[in-house]
Amino acid sequence: MKKTLYFAFFLSVTAMLVTGIAYAGYNWAEPIIAENRITTIDNNISLLFSKEDGYERNSAQLENSYLEKNYKPINEIYEVLDSDGNIYVLIYNTSVQGRNGIIDALVAVDPYNDTVVAVSYYSHTETPNIGEVYTRDVEVAKLVGQPLDSVQVDVISGASTTWASIMTMFENIKLHYNAEEVHIDG
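Parameters at a glance
- Residues numbered from 1 in each chain as written.
- Predicted model: local features only at pLDDT ≥ 70, side-chain atom pairs only at ≥ 80, totals over all residues.
- Heavy atoms only, no water.
- Core = buried A, V, L, I, M, F, W, Y, C linked by side-chain atoms within 4.5 Å.
- Buried < 20%, exposed > 50% of the residue type's maximum accessible area, 1.4 Å probe, protein only.
- Helix = DSSP H or I, 4+ residues; strand = E, 2+ residues; numbered from the N terminus.
- Phe/Tyr/Trp six-rings, centres within 6.5 Å; stacked < 30°, edge-to-face > 60°.
- Polar contact = N/O pair within 3.5 Å; in protein donor to acceptor, adjacent residues only side chain to side chain.
- Contact = heavy atoms within 4.5 Å.
- Pairing = 2+ DSSP bridges.
- Axes fitted to C-alpha atoms, helices over the stretch in contact; angles between N-to-C directions.

**So, the nonpolar core**
Soluble globular proteins: nonpolar side chains tend toward being buried together.
For step 1, the next point in the chain: Counting residues in each nonpolar core, the largest one holds 30 residues, and the members touching the most others are Tyr92, Val107, Val119, Tyr121, Leu148, Met169 and Phe170.
For step 2, the next point in the chain: Only strand 2 (74-81), strand 3 (87-97), strand 4 (102-110), strand 5 (115-123), helix 2 (137-143) and helix 3 (160-179) provide two or more residues apiece to this core.
For step 3, the next point in the chain: Here the element with the most residues in this core is helix 3; it accounts for six residues.
For step 4, the next point in the chain: By size, the runner-up hydrophobic cluster in this structure holds 11 residues, among which are Phe49, Ile91, Leu106 and Ala108.

**With respect to the packing of aromatic side chains**
For step 1, the next point in the chain: Considering all chains together, one arrives at one aromatic pair under this definition.
For step 2, the next point in the chain: A centroid spacing of 4.7 Å and a plane angle of 35° characterise the contact between Tyr55 and Tyr88, whose relative ring orientation is tilted. Of this pair, Tyr55 sits in the loop between helix 1 (2-48) and strand 1 (56-57) while Tyr88 sits in strand 3, placing them 33 residues apart in sequence.
For step 3, the next point in the chain: You can call Tyr55 buried: its relative accessible area is 18%.

**A closer look at the side chain of Ser95**
For step 1, the next point in the chain: Mapped onto the elements, Ser95 comes out in strand 3.
For step 2, the next point in the chain: Looking at Ser95, the relative accessible area reads 18%, which means it is buried.
For step 3, the next point in the chain: In terms of polar contacts, Ser95 uses its side chain to reach the side chain of Asn75, at 3.0 Å.
For step 4, the next point in the chain: Those residues in contact with Ser95 that sit more than four places away from it in its chain are Pro73, Asn75, Ile102, Ile103 and Asp104.

**Section: the sheet that holds strand 5**
For step 1, the next point in the chain: Read across the open sheet, the five strands follow the order 1-2-3-4-5; overall the sheet is antiparallel. Strands at the two margins of the open sheet, each flanked by one partner only, are strand 1 and strand 5.
For step 2, the next point in the chain: Contacting strand 1, strand 2, strand 3, strand 4 and strand 5, helix 1 crosses the sheet at an angle of about 70° to strand 2.

**A closer look at the pairing of strand 4**
For step 1, the next point in the chain: Across the nine residues that make up strand 4, a large majority, eight, are buried.
For step 2, the next point in the chain: Where strand 3 lies against strand 4, eight bridges are found, and the strand directions are antiparallel. Note on strand 4: the bridge partner recorded for Gln97 is Ile102.
For step 3, the next point in the chain: Here strand 3 hands over to strand 4 after four residues, with Gly101 in that stretch at a positive phi of 160°.
For step 4, the next point in the chain: Taken together, the seven bridges between strand 4 and strand 5 define a ladder with antiparallel strand orientation. Considered in strand 5, the bridge of Leu106 is made with Ser120.
For step 5, the next point in the chain: The antiparallel pairing of strand 4 with strand 5 creates a hairpin that spans four residues between the two strands, and Asp114 there sits at a positive phi of about 60°.

In structure tokens, the structure reads:
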């Protein structure tokens, strides 16, 4: 009986120590994690819209404010403000499965007229000169200005898997945009 009590006491003390260390570690790391998250968001936004041109992240935007439901391919949505402090675009940070791996993209949508403003594929492992062609400026330029409800992506011979992935990405964005009623009247 004594051994059981000693063992229970040992486990209790060990659990308290581990909990205390975890709590202290979280309190130490949490501000660093938050700062790194903000830096990452700012870096992502700067891929499409620079501060020098008067655009900046809406620092008052709450985390996950557009993601009330779980939309798995959409990682985050950022509000970008113009120099007057008005919402200029919403940037969807999204990921889809491509032919050779995950395709990570930023898609900027004008919430006033529901059109694609900019696209940046910031990480992918698509086949060079085949699926990778979709990430080139020529193909991205074809997407800019298209209505979000009817985005058309040209099919490139030999890259149908990448094409299907990009179409899925835009379908997911459209689904979220319409379901969450993101459009702004004004």
